[in-house]
Amino acid sequence: MIRTLFLLASMAMATGLSAQKIHWLPQSDTQNYQGVAISPDGKFITGYNAYIPLSEEEYYGTNCGFIWSISKNKGYDVEANPYNGSSMLDISDEGKAVGYALESSGDPQNPLFHAAMLDVADVKIANIDNDNTVAYGISSDGKVIVGYLNDGTSKACVWRDGERILLPLPSPEEAGESAVVSSEARYVSGDGSVVLGKIVCESPIEGSDRTYKAELVTAWRLQSDGAYKYDLVYKQIYDQKSDKSKPFIKAQPMGISDDGNWISLQTRGTYQNEEGLWVLDLVDRMTRMNLSTGQYTTAILDGSNGLEYTYPCRPGGIANDGTMVGAYGLDDSRKAIIWDTDKTLPEFVADKFGFVEINDLFINQAVDITADASRIVGFGKYETGLSRTFWIETGKGTPNGIDSDIADSAEQHVVGVYTTDGVFVSKSGTEGLPHGLYILKTTDGKTVKTKKVMK
């Protein structure tokens, strides 16, 4: 009996280890990929190709957006252009990447930015918006894009059905500051119902003729009428009154989980040490916060796992279970880290998975993670300055990172559409219904599935 249990345990360990694997994107004079995002279902990676010239006469330094198909093990690049570059910042499950394309303004130091999309279906980059705009995020279903318009000041916006919609801002009284001067939308949940970003407020410094600016974490939530309403998340965590009633003096949004429940934050703040004394912590930390409950956890490093208290962390993406990825260390010595939801502190990716070859990269970082935490993507640089992108199978989540709902979606038939309040509105789909969030019921003739959809 003991021998049987030992064999079963050995098989389980072997299976777990075999499910963990590292993959490298190619690197050459024309393939200098820096992957910055992975689709929530783990099928695509996007980012930019830092173009390397073939001769001294060639234009140097143009970034060009790319998509890497994991299933086909193939890259799709925007053709390098010596004058107009592009960079992709996020990607949907369908392989639609969003970011920006540059246009010459006549001043090389101040090009025009246009929110742009690169679609794996035709590998062509196209402007989403012809004004000075940047697209930062796209919902996993590809229906909602978020970013900002810059017409002198940044204004958070979403694009839906090709239409740009500015997101509402609180009044100064609601914000608790003298003025709300700008805003940006950075991340979006898979169904488009939660947008995460920041507002920038300005207030006078008491006893001085100067002012200070505060960047404040804000969410916008989709309402039943199809409009978004702001949720001042920072009021739960930001020490606005400087009285230590809230933990953070700085909080930057760094990601949102596909289900819209978790957010990734880079924070600085105050905390009580073991002696009960208040400590002002000016080192950047990783914080995960649950938007549904308001609960948050910050990783205060203590030397465990080789991560020292005095060094900063830069968070990246966050999975539906709260697992986060990021980087530890100063800019010239960053190392990829992962913070599992059931762990007190983060670990080095190279140590956790045993992929020490990551450290062949002079600096490296993990930047994004799939919805089910089954895959992470990161990149690093060699001492020569050349970049290399890697992605890792973590052994978690659905095999191959592909949701079974996606795999059999062609067999599903709509049997009912409901409002979020449970009111039946259609039996054939969302066509003809007002914009908004709906509950879709489908069946394959054997089982009934429900999911949220955005129109």
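Residues numbered from 1 in each chain as written. Predicted model: local features only at pLDDT ≥ 70, side-chain atom pairs only at ≥ 80, totals over all residues. Heavy atoms only, no water.

K.L.:
Can you lay out unusual backbone geometry for me, pointing to particular residues and giving the numbers?
P.N.:
With a phi close to 60°, asparagine 305 is a non-glycine residue in the positive phi region. Along the chain, the position of asparagine 305 falls in the loop between strand E21 (296–298) and strand E22 (313–318). You will see that alanine 373, though not glycine, has its phi angle at about 65°, which is positive. Overall, the relative accessible area of 1% leaves alanine 373 in the buried class. (Helix = DSSP H or I, 4+ residues; strand = E, 2+ residues; numbered from the N terminus. Buried < 20%, exposed > 50% of the residue type's maximum accessible area, 1.4 Å probe, protein only.)

K.L.:
Give me the environment of serine 178: which residues, what numbers.
P.N.:
Within the element layout of this structure, serine 178 appears in the loop between helix H2 (172–175) and strand E14 (179–188). Here serine 178 falls in the partly exposed class, since its relative accessible area comes to 46%. With 33 residues separating them along the chain, serine 178 and threonine 211 place their C-alpha atoms 9.8 Å apart.

K.L.:
Tell me about the sheet that holds strand E7 (residues 96–103), and name the residues and values.
P.N.:
Spatially, the four strands line up as an open sheet ordered E6-E7-E8-E9, and their pairing is antiparallel. Strands with a single pairing partner mark the edges of an open sheet, and in this sheet they are strand E6 (86–91) and strand E9 (124–127). Each adjacent strand pair in this sheet contributes to an overall mean axis angle of 35°, direction not counted. Bridging between E6 and E7 involves five bridges; their strand directions are antiparallel. Bridging from a neighbouring strand, aspartate 90 pairs with valine 98 of E7. (Pairing = 2+ DSSP bridges. Axes fitted to C-alpha atoms, helices over the stretch in contact; angles between N-to-C directions.)

K.L.:
Account for the confidence of the model for the protein, naming residues and giving values.
P.N.:
Looking at the protein as a whole, the pLDDT averages 86, with 87% of positions reaching at least 70. Segment residues 1–18 is flagged for pLDDT under 50; beyond a separation of four residues in sequence, or across chains, it makes zero contacts in the model. This stretch, residues 399–410, has a pLDDT under 50; its non-local contacts, to residues over four places away or in other chains, come to 14 contacts. (pLDDT = per-residue confidence, 0-100. Contact = heavy atoms within 4.5 Å.)

K.L.:
I'd like a description of the pattern of salt bridges, backed by residues and values.
P.N.:
Within this structure, the stated rule accounts for 17 salt bridges. Where arginine 164 meets aspartate 131, a salt bridge forms, and the shortest distance between an N and an O atom there is 2.5 Å. Here the residue arginine 164 occupies a position in strand E13 (residues 163–166), and aspartate 131 occupies one in the loop between E9 and strand E10 (133–138), the gap between them amounting to 33 residues. Given a relative accessible area of 39%, aspartate 131 falls into the partly exposed group. For the salt bridge of lysine 250 with aspartate 284, the shortest nitrogen-to-oxygen distance reads 3.3 Å. One end of the pair, lysine 250, is in strand E18 (residues 248–256); the other, aspartate 284, is in strand E20 (residues 278–290), and 34 residues separate them in sequence. On the basis of relative accessibility, which here comes to 24%, the residue lysine 250 falls in the partly exposed class. Beyond isolated ion pairs, a larger network of salt bridges with shared partners links Asp321, Asp340, Lys343, Glu347, Lys352 and Lys396. (Salt bridge = Lys/Arg side-chain N within 4 Å of Asp/Glu carboxyl O.)

K.L.:
Tell me about the sheet that holds strand E19 (residues 262–272), residues and numbers included.
P.N.:
If you trace the four strands from one edge of the open sheet to the other, you get E18-E19-E20-E21, paired in antiparallel fashion. In the strand order of this sheet, the two ends are held by E18 and E21, each with one partner. Recorded for the sheet is a direction-independent mean angle of 30° between the axes of neighbouring strands. Strand direction decides the pairing type here: E19 and E20, joined by ten bridges, are antiparallel. Its bridge partner lying in E20, tyrosine 271 is registered against valine 279.

K.L.:
Pulling in residues and values, what's your account of the nonpolar core?
P.N.:
In this structure, Leu167, Val195, Ile199, Trp220 and Tyr228 are the most contacted members of the largest nonpolar core, which totals 22 residues. Secondary structure elements with two or more residues in this core: strand E11 (144–150), strand E12 (154–160), E14, strand E15 (194–204), strand E16 (211–222) and strand E17 (228–231). Considering every element that reaches this core, the biggest residue donor is E16, with four residues. Once residues lying within four places of it in the same chain are set aside, the contact partners of valine 195 are Val146, Val158, Leu167, Ala185, Tyr187, Val188, Thr218, Ala219, Trp220 and Tyr228. Within the second largest apolar cluster, 17 residues are counted, among which are Val325, Ala350, Ile369 and Phe390. (Core = buried A, V, L, I, M, F, W, Y, C linked by side-chain atoms within 4.5 Å.)

K.L.:
Report on the packing of aromatic side chains, specifying residues and quantitative values.
P.N.:
In the structure shown here, the tally under the stated rule is nine aromatic pairs. Seen from their ring centres, phenylalanine 353 and phenylalanine 355 are 6.2 Å apart, and the 15° between their planes marks the pair as stacked. In this pair, the class of phenylalanine 353 matches that of phenylalanine 355, namely buried. By the ring-pair criterion, three or more aromatic residues cluster together here, those being Tyr33, Phe66 and Trp68. Across the ring face of tyrosine 136, the terminal group of arginine 186 is positioned such that the distance to the ring centre comes to 4.2 Å. Over the face of the ring belonging to tryptophan 339 we find arginine 288, whose NZ or CZ atom lies 3.8 Å from the ring centre. (Phe/Tyr/Trp six-rings, centres within 6.5 Å; stacked < 30°, edge-to-face > 60°. Lys NZ or Arg CZ within 6 Å of the ring centre and 35° of its normal.)

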